[in-house]
Amino acid sequence: MYVCHCNVVTDRDILESIANGARCVADVARETGAGRTCGNCISSLRDLVCKHCPVRAGRDTERPAERELGVAGAAR
């Protein structure tokens, strides 16, 4: 399924990014481009990272890192 329509990023792309070492929304955004244009996908992106990242599971979201790296919609 497409998560980020602006940058044509699928859930598989995000899971691959996590498998390759991404540990937060900012890591996935940097690697895939998801969430860096309009920001509508940030909540879906965050959900996938929180659910599938072994390090992040059960922890708070990465809003400060998202702001640092300029991920769209981070200030929402």
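All values reported here derive from a predicted model rather than from experimental measurement.

(A) The arrangement of the pattern of salt bridges in detail. Under the counting rule described, the total for this entry stands at 1 salt bridge. A salt bridge links Arg30 to Asp27, with the shortest nitrogen-to-oxygen separation between them at 2.6 Å. Here the residue Arg30 and the residue Asp27 both occupy positions in helix α2 (residues 25-32), the gap between them amounting to 3 residues, near one helical turn. The class for Arg30 is partly exposed, based on a relative accessible area of 48%.

(B) Inspection of the side chain of Thr10 at higher detail. Secondary-structure assignment places Thr10 in strand β2 (residues 9-10). Using a relative accessible area of 19% as the deciding quantity, one classes Thr10 as buried. Each residue touching Thr10, except ones within four places of it in the same chain, is listed here: Met1, Tyr2 and Val3.

(C) Inspection of helix α3 (residues 42-52) at higher detail. Buried within α3 we find Ile42, Leu45, Arg46, Leu48 and Val49. Here the buried residues of α3 occupy an arc of 165 degrees about the axis, which is enough to place them on one side. Turned more than 90 degrees away from the buried face of α3 sit Asp47 and Lys51, all of them exposed.

(D) Geometry of the nonpolar core. By size, the foremost hydrophobic cluster in this structure holds 15 residues, and its most contacted members are Ile14, Ile18, Val28, Leu45 and Val49. Every element with two or more residues in this core is listed here: β1 (2-4), α1 (11-19), α2 and α3. For this core, the element with the highest residue contribution is α3, accounting for 4 residues.

(E) How the structure looks around unusual backbone geometry. The backbone of Val8 sits at a positive phi, close to 50 degrees, despite the residue not being glycine. The residue Val8 is located in the loop between β1 and β2 in this model.

(F) Representation of the environment of Ser44 in the model. Within the secondary structure, Ser44 sits in helix α3. Residues Ser44 and Val3 lie 41 residues apart in sequence; the distance between their C-alpha atoms is 6.7 Å.

(G) Spatial organisation of the confidence of the model for the protein. With 71% of its residues at a pLDDT of 70 or more, the protein has an overall mean of 82. For the protein, the element scoring lowest by mean pLDDT is helix α4 (residues 63-68), at 51; β2 scores highest, at 97.

Thresholds, definitions, all that
Residues numbered from 1 in each chain as written. Predicted model: local features only at pLDDT ≥ 70, side-chain atom pairs only at ≥ 80, totals over all residues. Heavy atoms only, no water. Salt bridge = Lys/Arg side-chain N within 4 Å of Asp/Glu carboxyl O. Helix = DSSP H or I, 4+ residues; strand = E, 2+ residues; numbered from the N terminus. Buried < 20%, exposed > 50% of the residue type's maximum accessible area, 1.4 Å probe, protein only. Contact = heavy atoms within 4.5 Å. Arc of directions from axis to C-beta. Core = buried A, V, L, I, M, F, W, Y, C linked by side-chain atoms within 4.5 Å. pLDDT = per-residue confidence, 0-100.

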